[in-house]
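Results of the structural survey
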2 protein chains.
Amino acid sequence: MDTSDLSSNRTADDESHPTARRIQRLSLHLTPVPRPLDHTDVQLETLTCAARPKLNVDANSLLVFMRGKHRDIQEKVFDFFNARPDLQTPVEISKEDHRELCMRQLLALVREAGVRPFRYVAEDPSIYFALLEAVGSVDMSLGIKMGVQYSLWGGSVLNLGTKKHKDKYCDGIDNLDYPGCFAMTELHHGSNVQGLQTVATFDPFTDEFIIDTPNDGAIKWWIGNAAVHGKFATVFAKLMLPTHDTKGASDMGVHAFIVPIRDLETHQTLPGIEIHDCGHKVGLNGVDNGALRFRSVRIPRDNLLNRFGDVSRDGKYTSSLPSINKRFAATLGELVGGRVGLAYSSVSVLKVSVVIAVRYSLLRQQFGPAKQPEISILDYQSHQHKLMPMLASTYAFHFATLHLVDKYSEMKKSHDEQLVGDVHALSAGLKAYVTSYTAKSLSVCREACGGHGYAAVNRFGSLRNDHDIFQTFEGDNTVLLQQVAGDLLKQYKEKFQGGTLTVTWNYLRESMNSYLSQPNPVTARWESEDHLRDPKFQLDAFRYRTSRLLQSVAVRLNKHSKTLGSFGAWNRCLNHLLTLAESHIETVILAKFIESVKSCPDASTRAALKLVCDLYALDRIWKDIGTYRNVDYVAPNKAKAIHKLADYLSFQVRNIARELVDAFDLPDNVTRAPIGKQSEAYSQYMQYVGF
Amino acid sequence: MDTSDLSSNRTADDESHPTARRIQRLSLHLTPVPRPLDHTDVQLETLTCAARPKLNVDANSLLVFMRGKHRDIQEKVFDFFNARPDLQTPVEISKEDHRELCMRQLLALVREAGVRPFRYVAEDPSIYFALLEAVGSVDMSLGIKMGVQYSLWGGSVLNLGTKKHKDKYCDGIDNLDYPGCFAMTELHHGSNVQGLQTVATFDPFTDEFIIDTPNDGAIKWWIGNAAVHGKFATVFAKLMLPTHDTKGASDMGVHAFIVPIRDLETHQTLPGIEIHDCGHKVGLNGVDNGALRFRSVRIPRDNLLNRFGDVSRDGKYTSSLPSINKRFAATLGELVGGRVGLAYSSVSVLKVSVVIAVRYSLLRQQFGPAKQPEISILDYQSHQHKLMPMLASTYAFHFATLHLVDKYSEMKKSHDEQLVGDVHALSAGLKAYVTSYTAKSLSVCREACGGHGYAAVNRFGSLRNDHDIFQTFEGDNTVLLQQVAGDLLKQYKEKFQGGTLTVTWNYLRESMNSYLSQPNPVTARWESEDHLRDPKFQLDAFRYRTSRLLQSVAVRLNKHSKTLGSFGAWNRCLNHLLTLAESHIETVILAKFIESVKSCPDASTRAALKLVCDLYALDRIWKDIGTYRNVDYVAPNKAKAIHKLADYLSFQVRNIARELVDAFDLPDNVTRAPIGKQSEAYSQYMQYVGF
């Protein structure tokens, strides 16, 4: 909330006049108050009479700087679907029709447009993610359906299987002869994957595994591609090996198995398998999620995806990894690409939403000074407050997720261990942070566009409904942030034991000492615009906050673990840990943003990006001003200056908002919302309705 | 964000040990960190080993205290629809079918169940609102369809018309022979009603008004009941009277006219009227919103709703009110009931959502200490943080909106002028505040319920989609909050001119002086639980904040109006004004909550309510701690104590969460979500899916 002005009368207070006299004096110069529905008497002095001129932005230079590396394949996708009205998802469509359409879209992409996503999964993930972005903008259901097929089902074969699996399945996965599922989640277990109940018992007599659902809670649930189209499923189950003692079987932990679920010819569900439709969802109804129960389903021993652990003909377990936990971590670690894709796609959704909201807010006029034309709603401070920090965040996330994609691609090539750890934490953190932010922003955009934002054709509803689950699948955001916090604590500990830090954490190595010292009482009072817009001040503030949160939570965890045990202590500090994780992610995002600004070759474009970056940084600092005030990192007047500058920067960014959203380079046939069209928005909207 | 612990190591800092040494010392006692996906080594010390025992709540006493006055009519509605599966809205339904079903639901309610909502609109609004709540829980589209028919179309005849209109239309409105619309909003104008462009020109030769849509922007848009069912519309248009000068016509401001739009027999659209379907919406697709264009549509002079202004046979204008603005205010003022209904209904939606989320979060177990059963997700601090302040807010809003309904009913009887002003501001403020809060909370609840929260059958999607527009219609929330701020400034000014204050504002009269004095440096350091849980401390803090915001914005407006004019100054202070309005509404809500707690006759129930109220108050103070810190209203350690206590109270409220949601008295056939059932939730969910 906007509250700095609570202190705006400090000076008067400090003069120690009797309060009553001051109030009386104030009351004398109270102006008539314009009320929004009744301001026929107001005069014109538009906001545009600001102290400094509007920045000039070279729209083309900005666009070129923002443009991704793989625009060509995205345009191929756009062009293909634009030329095929029969493959476009209508605003209203039943669940059944949507699922069939979605499958037809995917088949057409692969077999008619000749785009082969699976090859990029293996060869160049950054192209895969660019493709995912383009396909998701055609219909997010299609993006998810594609992700299930290639990244989850395909990815499990590729990353958890060995040569025999690739030889047998990869062609069919690639050409869609083998549509498949990724059957991990159960009715009772989502986040706690180690708690999965489905069992795969090795039968040494027949050389098979027997897949079983031992209780209702173990029914595989939410399995994409299962309700209608899937022929195979990678099923995650506890591997049970027979023992010769009284226990009878030994639990080797969760492993992945390829289970055929429908006949390749007849598409009949195979014996022992019961499949039900999970039904209508909040969004993504083009994806056919199903629930699966297994009753003694036998699969050959070869169907164990055996990269990290294998069973020999005589039932012996072998693995290059020493423990269940290590194998489990390795198995899940290979699936990190999904999170990278979600973080990246979430930014795309945010872009579409921000483009529509900003364009409409520039077009829409409502109220104005007396006897003057009405003004654009984006000229209202409140509207700038809603949308401009969001636009700045979109830029920030754009650079951060591109960085993540690069790191991920690098990791897939080098398999460098430190990089693996870094990408794991960064993808968990960015996925959680960005998807939560986008989810909230979609609601803000809808509301900012008023009634017309509520028309389904204007997209906010379906974007929100489709995107909503991004916060949950591929790792619940609250759980993922805890992984980030856990990683930070591990690194913190290692730092003091002389260990190495991953790259993302260099800032701690470099300057932990200075961040943990008392705030400097002199700089805490600096409040010039130059100082506040200095990236060093901004980044220092972010890093200081993260370092303090890390240090204090480490102390608290230590204290509480003595009485509550480590699980209890963790829980007692949970809100603190989540704040720490978010603070760290924000620090990484800001650092990357600052770096990207610096790397921009064109001076005027760089100035525009710097403005956006400053808004991102100061808005974040202001939103958490209590933290900084509480440790006197900023003095009261500095807090006020930050607030004032953040409002002013929002106003400045508003002045180049059109250029900033244009630079996302989303053609009208991608944004699609009539109210977000680049021209003739109202008449296109009328046309849609039938006028 | 949770950040108090930034300062948790202040003591260590203050000891001035060399930082490096301290860090080294800390590093020595770092505990192993449990990671959420990997805590096989943690030990059990559950959170339930808290210092104080769980409160005992008499569930029945709480339920009786919370139960509304008009439960009987609500149960009649529930029973009627429960007995009629043919009238229940399925999870998936096409727009066309939904609209027809919704009309059948409304007809059945009126003609079969014999419920006559229109009578309550006129005679006892509190029954009408209770009915709206019940009907909205059957299907929110039905609630809105009913509101369009009775509160908007019916209400316009009742409140803006005179005897001739009531005699002619009320029976048909009541028995649904005359389904009607409320045609105010246009394509280009929503909030700015005075900017409407539709014209009604008086033709003295034929004694008629000619209704015209002069340009595309003036097309009536979003008109409920217009696309399919409406026979009439109350059309808001600028009344033009012929003059004898060169201008030819004089604009008398916006008036309301009854315009027949479809033939009573054939249901054909009448000549000169063009109607299109506004199409699929984000939600509420049972309501048929349409767009209307008028081309020289002639209506008799009698069709002017002439309570506040009339035109004589010879074209002379008469009114008891002196100016266009006064007449406009009187016209809109009569429509305040819609806002009361929305605030009240929004709380009902919030209740349903909170009930489902809390029940499921108690049921759902995930992770736990090593070798122990998994724990309920509501036992996690982070989950309590998401849901318990929300539950407390739901209680707070419950009492506040009941109070609003009472005041509104009183106003409709007494027509007391001060009460009118009070209800206007309070309904605007509560509608805006509550609907924004509910909208955000619905998303939080979905996310808190993870994947199963994404199943459409579990309600969060449709609740959110249907409720979303509550933030916009009947007054955009940002505009309404400005009206509250405007009202506060008016009252502030009047206070110093010896005028009277409305009841809601008494707190300013009583203690403005003390609130505007400097914070007391002694009490700023009090941090005992008794002090923080003292309603006086809490209310003082809320009032202090509002008073400071009000005083400082008045000063700023005065300053800026000299250079920017009053419109520009208002805009320059807009974020500040919105914060002021929210702060005021929160103050009113807290005051009413404290009063309601005191009025509870049963001691143990009162203690439970007091706990919930304390959480509401302290959570709000903590969420805006920057404000209080910035003026040293609370010292750093007090801020920390508030944070700690708010977390602790969340934990305490969690311990009685089941009783608290049960007290909303929402039967399973109202909440409907399988995961929110009072028992056998998982198996009912499985059954729904087909197992």
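Because the structure is a prediction, the values reported are computed rather than measured.

Basis of the calculations
- Residues numbered from 1 in each chain as written.
- Chains lettered and ligands numbered in written order.
- Predicted model: local features only at pLDDT ≥ 70, side-chain atom pairs only at ≥ 80, totals over all residues.
- Heavy atoms only, no water.
- Phe/Tyr/Trp six-rings, centres within 6.5 Å; stacked < 30°, edge-to-face > 60°.
- Helix = DSSP H or I, 4+ residues; strand = E, 2+ residues; numbered from the N terminus.
- Buried < 20%, exposed > 50% of the residue type's maximum accessible area, 1.4 Å probe, protein only.
- UniProt positions renumbered as here; feature names shortened; annotations may be inferred.
- Pairing = 2+ DSSP bridges.
- Axes fitted to C-alpha atoms, helices over the stretch in contact; angles between N-to-C directions.
- Domains from an automatic or database assignment.
- Contact = heavy atoms within 4.5 Å.
- Buried area = accessible area lost by both parts, 1.4 Å probe.
- Salt bridge = Lys/Arg side-chain N within 4 Å of Asp/Glu carboxyl O.

Two aromatic rings are characterised by how far apart their centres lie and by the angle between their planes. By the definition in use, this model includes 54 aromatic pairs over all chains. Between A:Tyr380 and B:Phe567 the ring centres are 6.2 Å apart and the planes differ by 65°, which places this aromatic pair in the edge-to-face class. Here the residue A:Tyr380 occupies a position in the loop between α11 (336–363) and α12 (381–414), and B:Phe567 occupies one in helix α18 (residues 535–572), the pair thus bridging two chains. Each member of the pair, A:Tyr380 as well as B:Phe567, carries the same accessibility label: buried.

Following the UniProt record, one finds the feature "domain: Acyl-CoA oxidase C-terminal" (unreviewed entry) at residues 534–687 of chain A. The span residues 534–687 of chain A shows a helical share of 83% and a strand share of 0%, and its end C-alpha atoms are spaced 49 Å apart.

Another point: the sheet that holds strand β7 (residues 273–277) of chain A. Residue and element names in this part refer to chain A. Taken together, the 3 strands give an open sheet; going across it, the order is β4-β8-β7, and neighbouring strands pair in antiparallel fashion. Two strands close off the open sheet at either side, each with one partner strand: β4 (220–223) and β7. Strand-to-strand twist in this sheet, taken as the mean axis angle between neighbours without regard to direction, amounts to 25°. As judged from the 5 bridges shared by β7 and strand β8 (residues 290–294), these two strands associate in the antiparallel manner. In the sheet register, Ile-275 faces β8, and the bridge partner there is Leu-292.

Now for the domain arrangement of chain A. Residues and elements named next belong to chain A. As assigned here, chain A comprises domain 1 (1–32 + 483–655), domain 2 (66–165), domain 3 (180–327) and domain 4 (336–475). The partner domain 4 presents 28 residues to the 28 residues of domain 1 that form the contact. Summing both sides of the interface, domain 1 and domain 4 together bury roughly 2500 Å²; the carbon and sulfur share of this comes to 67%. The largest share of the area that domain 1 buries against domain 4 comes from Ile-589, Lys-592 and Arg-654, three residues that together contribute 23% of it. For the pair domain 1 and domain 4, the number of links is 1 salt bridge. Here Asp-379 ties to Arg-654 by a salt bridge, and the two come within 2.7 Å at their closest N and O atoms.

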